[in-house]
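Results of the structural survey
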Amino acid sequence: MEISSQEQVMNRAARRLSRRRLGGLAGMSLVATTGLLGGYLGNPRMPRAYAAATCTVTTSTDSGVGSLRQALTDHDLLDANCSTINFASSVSTITLASNLPTVTGSSMTITGPGSGSLTVNLSGKSGIHMKSLPLGQSLSISGLTLTGGNASDRGGAVYGYNMNVVISDVTFTSNTSSAGGAVAANYGSLDISNSTFTSNTSRNSAGAVSFTTTDGDPGTVNIAGSTFTNNSAPGDYSNAGAVEVAANDLNVSSSTFTGNTTGSNGGAIFVTSGDVTLTDSTFTGNQTTFWRGGDGGAVRGTQLVTVNSSTFSGNTSGYQSGAIRAGSNVTLTNSTITGNSSTTGGAVSSDGNVTASFTTFSGNNNTSGAPKSFDAASYTVSNSIFNETGLAIYGYAPGAATFSFFNSRSALENNTRTGLVFADTAGVAPLNLGALANNGGTTLTRLPGAGSPVIGAARPAPTTPTVDQRGVTRTSPSTMGAVHVAFTPTPTPTPTPTPDPDPTPTPTPTPTPTPTPSTSVAPVVVPVVVPVVTPSVVSTPIVLPPVGVVLLTGAARVNAQVVEVEAPASTTVASAPQVIVSAGSAVAPVVSGLPARTPIVASMSVSSQTRAKSTFVPIGTTRSTAAGQVKVPAFKATRPGVYTIRLATPAGKAFYVKVKVTAKKSAK
């Protein structure tokens, strides 16, 4: 028998009603059910708004024609009804008297006028719950505030099962449930954007948001532009003060987590069997409270944790890792980790490798004497700052740990412990980091102050980012740590030319005439005035390089067979060591005893038997090594004399070494 399209629709509706066992329809025949639905659809008194795909809520009352409850009920009865629900401008507050109905069916979109314009007061009742039998349906909610919800199971305000849940511009306050105080989703996916979660609680885990699926499910959880404040899962063995994700990845961007708390794992976020990626986000004052098992004051992940351009400050853990605890590798780039505390494990700890690039660790703490910055099985660190009081880092498994440090700087004088390898820790000037503040961008950072040795001290590395944590372009040479400060070299004064005086000419005397004797006239002696000749002084400016000096670069350096000679630096000219070479030799002094990894301006003055000492003129710029050595630009001196080389730092400190050039010995 051929069935009409209308009968097919009614048969599907009857099967759904049979599954839900509403009103005893499970026992009805197809004919009876068809008759009931036919009467419903054909009833002229049925509101036309709810016989359409788009329904408008026109009343603030909790039931009846034009109510939110009626729209949800009609969509549950027939998928084609109220697949889109919006609100009249006259509706600003809706207060529930009982739980809203759980909707089973196809996709539904609820669009409010804005989270600041419409509030649905759930009054201790469960909110919008929807289940989908075929995977791929969606529940989208935007533009309203949901407050005061209370669900016996999941999702105090919103729950989606086997569907894609999309939340945008929604404020959730003071909702509670057993998992996901505000929002819960099982299977499918979850996208949250531009939303606010405040003071939501869970009786078990996930104070604000819970997402659960099984391994291999293709869905993801994305959170963007959202704020989570004072959410909690307070039990000793509870997890995730704000967000919990099971068996799936979590991506968080441009979001803020403040003051969220839980007992055991993840003061703000807890993710199991999935990776965590955090970008341009802030975690402040989150905590785990249970002293026997509180891990990850802000974030706890059992797999990979990747952090980009984010700040973790003032987070605390009752046990391990004040900021981040990971079961696998942790990667930190352009990020600030400051003022976090725990009993052990540092601000960051990992069972795998910690990779930190252009990251600032400062002022972190723990109470057990463990490392302050991080604790891991292995490290890969480049261009990063460790500004801690006491031990900064340590290997979680020292016996098998590997350590790779590239151009990182610590303010510590001593940072040693079994299994630890750390470079450049002694004799370092104060790092001069500013307090955590708004230095531009969307996250708080610590700006290096004037004279900080990290400014301009970064070196190119495989993971060099083009911008800093704030989004400011990194110019070369870049600054170590999360915040870039453009390097300005100390200007070298323009030298005043020293004239080469010509020898004073000897005046030619005018001969005195011999008087002719006269017998009648006494001789008269006429005095001769000898003129004083003023020498002509010709000012010959010194050019770069000084006269008699040839700087050698490129092929000229190779062809000249430059000899490198070592000499320690002195802070005074008088005590400067002297290297002796013969005229015409190509030489490149290697000077030691300078500050490590510091820009250096090299200049030279010359004196000889026929030439007064000249002022210092620049001959090149260079940079000291980690061992405090500098290779002076290679040169060849063609005239005998003493060539004094000055090596100046940006801080104005000068070091000296001398090269004495002697005349060539003639061949016998």
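Every value quoted in this text rests on a predicted model; they were computed, and no experiment measured them.

What counts as what
- Residues numbered from 1 in each chain as written.
- Predicted model: local features only at pLDDT ≥ 70, side-chain atom pairs only at ≥ 80, totals over all residues.
- Heavy atoms only, no water.
- Helix = DSSP H or I, 4+ residues; strand = E, 2+ residues; numbered from the N terminus.
- Buried < 20%, exposed > 50% of the residue type's maximum accessible area, 1.4 Å probe, protein only.
- Contact = heavy atoms within 4.5 Å.
- Areas by Shrake-Rupley, 256 points an atom, 1.4 Å probe, with all protein chains shown as cover.
- Pairing = 2+ DSSP bridges.
- Axes fitted to C-alpha atoms, helices over the stretch in contact; angles between N-to-C directions.
- Disulfide = S-S within 2.5 Å.
- pLDDT = per-residue confidence, 0-100.
- Core = buried A, V, L, I, M, F, W, Y, C linked by side-chain atoms within 4.5 Å.
- Salt bridge = Lys/Arg side-chain N within 4 Å of Asp/Glu carboxyl O.
- Phe/Tyr/Trp six-rings, centres within 6.5 Å; stacked < 30°, edge-to-face > 60°.

Some words on the overall build of the protein
Secondary structure summary: the protein contains four helices and 53 strands in total. For the protein, the residues scored as buried account for 48% of the 668 residues in total. Considering only contacts in the protein between residues 6 or more positions apart, those separated by 24 or more positions represent 73%. Accessible area for the protein stands at about 29,100 Å²; split by element, carbon and sulfur atoms hold 55% of it.

Points about helix α3 (residues 68–77)
Across the 10 residues of α3, seven count as buried, placing the element largely inside the fold. All of the buried residues along α3 are Leu68, Arg69, Ala71, Leu72, Asp74, His75 and Asp76.

Focus: the sheet that holds strand β48 (residues 599–607)
Across the sheet, which stays open at both edges, the five strands sit in the order β46-β53-β52-β48-β49 with mixed pairing between neighbours. With partners counted over all chains shown, the strands left at the sheet margins are β46 (578–582) and β49 (617–623), one partner each. Put simply, the sheet's adjacent strands are angled 25° from each other on average, direction ignored.

Quick word on the state of the cysteines
Under the definition given, this model contains one disulfide. Linked covalently through their sulfurs, Cys55 and Cys82 form a disulfide whose S-S length is 2.0 Å. Here Cys55 and Cys82 share a disulfide; its torsion about the S-S bond, -85°, makes the bridge left-handed. With a gap of 27 residues between them, Cys55 in strand β1 (residues 54–57) and Cys82 in the loop between α3 and β2 (84–87) connect regions that are remote in the sequence. Judged by relative accessible area, which is 0%, Cys55 ranks as buried. Relative accessible area serves as the criterion here: at 0%, Cys82 is assigned to the buried category.

Some words on the confidence of the model for the protein
The predicted coordinates ought not to be read in detail in places where the model reports low pLDDT. With 72% of its residues at a pLDDT of 70 or more, the protein has an overall mean of 78. Taken as a whole, residues 395–405 scores under 50 in pLDDT and shows 31 contacts with residues more than four places along the chain or in a different chain. When the criterion is pLDDT under 50, residues 516–544 qualifies, and its contacts beyond four places in sequence or with other chains add up to 22 contacts.

Overview of the nonpolar core
Within soluble globular proteins, side chains that are nonpolar generally end up buried alongside one another. One finds Phe172, Val243, Ile269 and Phe312 to be the most contacted residues of the largest nonpolar core, which totals 77 residues. Ranked by the residues each element gives to this core, the list is headed by strand β9 (residues 158–173), at six residues. Apart from the residues lying within four places of it in its own chain, the contact partners of Phe312 are Leu278, Phe283, Ala298, Val299, Val307, Ala323, Ile324, Thr336, Ile337, Thr338 and Asn340. Membership of the second largest hydrophobic core comes to 25 residues, among which are Ala602, Val606, Phe635 and Phe655.

Observations concerning the environment of Ser607
Relative to the assigned elements, Ser607 resides in strand β48. Sequence separation between Ser607 and Pro640 is 33 residues; the distance between their C-alpha atoms is 9.0 Å.

Some points on the pattern of salt bridges
According to the stated counting rule, one finds four salt bridges in the structure shown. Two residues, Asp295 and Arg325, come together in a salt bridge whose shortest N-O distance is 4.0 Å. Pair noted here: Asp295 is in the loop between β25 (287–288) and β26 (299–301) and Arg325 is in strand β30 (residues 324–326), with a separation of 30 residues, a long-range link. By relative accessible area, Asp295 is classed as buried at 10%. Across the salt bridge formed by Arg470 and Asp468, the nearest N and O atoms sit 2.8 Å from each other. The pair formed by Arg470 and Asp468 is uniform in burial state, with each residue classed as buried. In the salt-bridge network here, residues are joined through shared partners; they are Asp295, Arg325 and Asp351.

Considerations on the packing of aromatic side chains
Taken as a whole, this structure holds 10 aromatic pairs when the rule is applied. Arranged with centres 4.6 Å apart and planes meeting at 5°, the rings of Phe197 and Phe228 form a pair that is stacked. Here Phe197 is found in strand β12 (residues 196–198), whereas its partner Phe228 is found in strand β16 (residues 227–229), with 31 residues between them in sequence. Note on Phe228: relative accessible area 0%, which makes it buried. Pairing Phe257 with Phe283 gives two aromatic rings, centres 4.9 Å apart and planes at 5°, and the pair type is stacked. With Phe257 in strand β20 (residues 256–258) and Phe283 in strand β24 (residues 282–284), the pair connects residues that are 26 residues apart, well separated along the chain. Across this residue pair, the class does not change: Phe257 and Phe283 are buried. Grouped by ring-pair contacts, the aromatic residues Phe172, Phe197, Phe228, Phe257, Phe283 and Phe312 constitute a single cluster.

What to know about the environment of Leu118
With respect to the helices and strands, the residue Leu118 is situated in the loop between β5 (108–111) and β6 (119–121). Each C-alpha atom of the pair Leu118 and Phe87 lies 8.8 Å from the other, and the pair is 31 residues apart in sequence. Residues within four places of Leu118 in sequence aside, it is in contact with Phe87, Val91, Ser92, Thr93, Gly112, Pro113, Gly143, Leu144 and Thr145.

Regarding unusual backbone geometry
Residue Pro477 follows Ser476 across a cis peptide bond; omega there is 0°. Mapped onto the elements of the fold, Pro477 is located in the loop between β43 (409–410) and β44 (549–551). For Cys82, which is not a glycine, the phi torsion comes out positive at approximately 50°.

A word on the pairing of strand β11 (residues 183–193)
Where burial is concerned, most of β11 is hidden: eight out of the 11 residues are buried. Bridge analysis of β11 against strand β14 (residues 209–212) gives four bridges, and the strand direction is parallel. Of the residues in β14, the one forming a bridge with Ala185 is Phe211.

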